[in-house]
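# Results of the structural survey
The primary structure of each chain is shown beneath.
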Amino acid sequence: GAKCAVTPQGLERDSEALARLYHDLNVTVTYAVPSHFTMLLHEGVQKCTSLRLAIFGGEALTETVLSRLLSESSGKLEGWNAYGPTEATACVSFK
């Protein structure tokens, strides 16, 4: 079964530590704001080898961030844009 990991406070500002956490815990799915992923791109999303699904919410997602994230993950990553007025409803009811 899967596990749920919560990023320790302050780690969201350290791209190197965040990439290491994703790698060490074999994170496969993450839900975060696009600026989180922008920061991860600076460290190298290639280090997050187990990551398969990125769900974006909380702020607007730009085409630049999405396309760069998907291209740098060598096609292994799928991105879902959950941002918008129905964000909470859509994310908790998706099957």
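Residues numbered from 1 in each chain as written. Predicted model: local features only at pLDDT ≥ 70, side-chain atom pairs only at ≥ 80, totals over all residues. Heavy atoms only, no water.

Helix α2 (residues 34-43) packs onto helix α1 (residues 15-24) with a crossing angle of 90° between their chain directions and a minimal axis gap of 8 Å. Accordingly, the angle class assigned to the pair α1 and α2 is roughly perpendicular. Mapping the contact onto sequence places Ser15, Glu16, Leu18, Ala19 and Tyr22 in α1 and His36, Met39, Leu40 and Glu43 in α2. (Axes fitted to C-alpha atoms, helices over the stretch in contact; angles between N-to-C directions. Helix = DSSP H or I, 4+ residues; strand = E, 2+ residues; numbered from the N terminus. Parallel < 35°, antiparallel > 145°, perpendicular 65-115°, else oblique. Contact = heavy atoms within 4.5 Å.)

With that settled, consider the confidence of the model for the protein. Overall, the predicted model of the protein reaches an average pLDDT of 82, with 89% of residues at or above 70. Predicted confidence in the protein is weakest over helix α4 (residues 87-93), with a mean pLDDT of 61, and strongest over strand β2 (residues 53-56), with 90. (pLDDT = per-residue confidence, 0-100.)

Turning our eyes to something else, we now look at the sheet that holds strand β3 (residues 78-81). Taken together, 3 strands build an open sheet; the order of strands is β1-β2-β3 and the sheet is parallel. At either end of the open sheet lies a strand with only one pairing partner, and these are β1 (29-32) and β3. Going across the sheet, the axis of each strand differs from the next one's by a mean of 15°, ignoring polarity. Where β1 lies against β2, 4 bridges are found, and the strand directions are parallel. Bridged to Tyr31 within β2 is Ile55. (Pairing = 2+ DSSP bridges.)

What follows is about the nonpolar core. Note that soluble globular proteins tend to have their nonpolar side chains buried in a common cluster. Tyr22, Phe56 and Leu69 are the most contacted members of the largest nonpolar core, which totals 21 residues. Not counting residues up to four positions away in its chain, the partners in contact with Phe56 are Tyr31, Ala32, Pro34, Phe37, Leu61, Leu66, Leu69, Gly79, Trp80, Asn81, Ala82 and Tyr83. (Core = buried A, V, L, I, M, F, W, Y, C linked by side-chain atoms within 4.5 Å. Buried < 20%, exposed > 50% of the residue type's maximum accessible area, 1.4 Å probe, protein only.)

What follows deals with the pattern of salt bridges. Scanning the model with the defined rule gives 2 salt bridges in all. In this structure, the salt-bridge partner of Glu16 is Arg20, at a minimum N-O distance of 3.6 Å. In this pair, Glu16 and Arg20 are both assigned in helix α1, 4 residues apart and thus about one turn of the helix distant. On the basis of relative accessible area, Glu16 is assigned to the partly exposed category, the value being 45%. In this structure, the salt-bridge partner of Arg68 is Glu72, at a minimum N-O distance of 2.7 Å. Of this pair, Arg68 and Glu72 both sit in helix α3 (residues 63-72), 4 residues apart, which is roughly one turn of that helix. Arg68 sits in the partly exposed class, given a relative accessible area of 35%. (Salt bridge = Lys/Arg side-chain N within 4 Å of Asp/Glu carboxyl O.)

Here the largest pocket defines a volume of roughly 580 Å³. Taken together, 19 residues make up the lining of the largest pocket; nearest its centre are Lys3, Cys4, Ala5, Val27 and Val29. Of all the secondary-structure elements, those providing two or more residues to the lining of the largest pocket are α1 and β1. In terms of residue count, β1 provides more of the lining of the largest pocket than any other element does, 4 residues in total. Each residue belonging to the lining of the largest pocket can be placed in one class, and the counts come to 11 nonpolar, 6 polar and 2 charged. (1 Å grid on protein atoms, 1.4 Å probe; cavity = no way out; pocket = protein on both sides within 12 Å on 5 of 7 lines; lining within 4 Å. Points joined across faces, edges and corners; volume = space filled by probe spheres on them. Nonpolar A, V, L, I, M, F, W, Y, C, P; charged D, E, K, R; others polar.)

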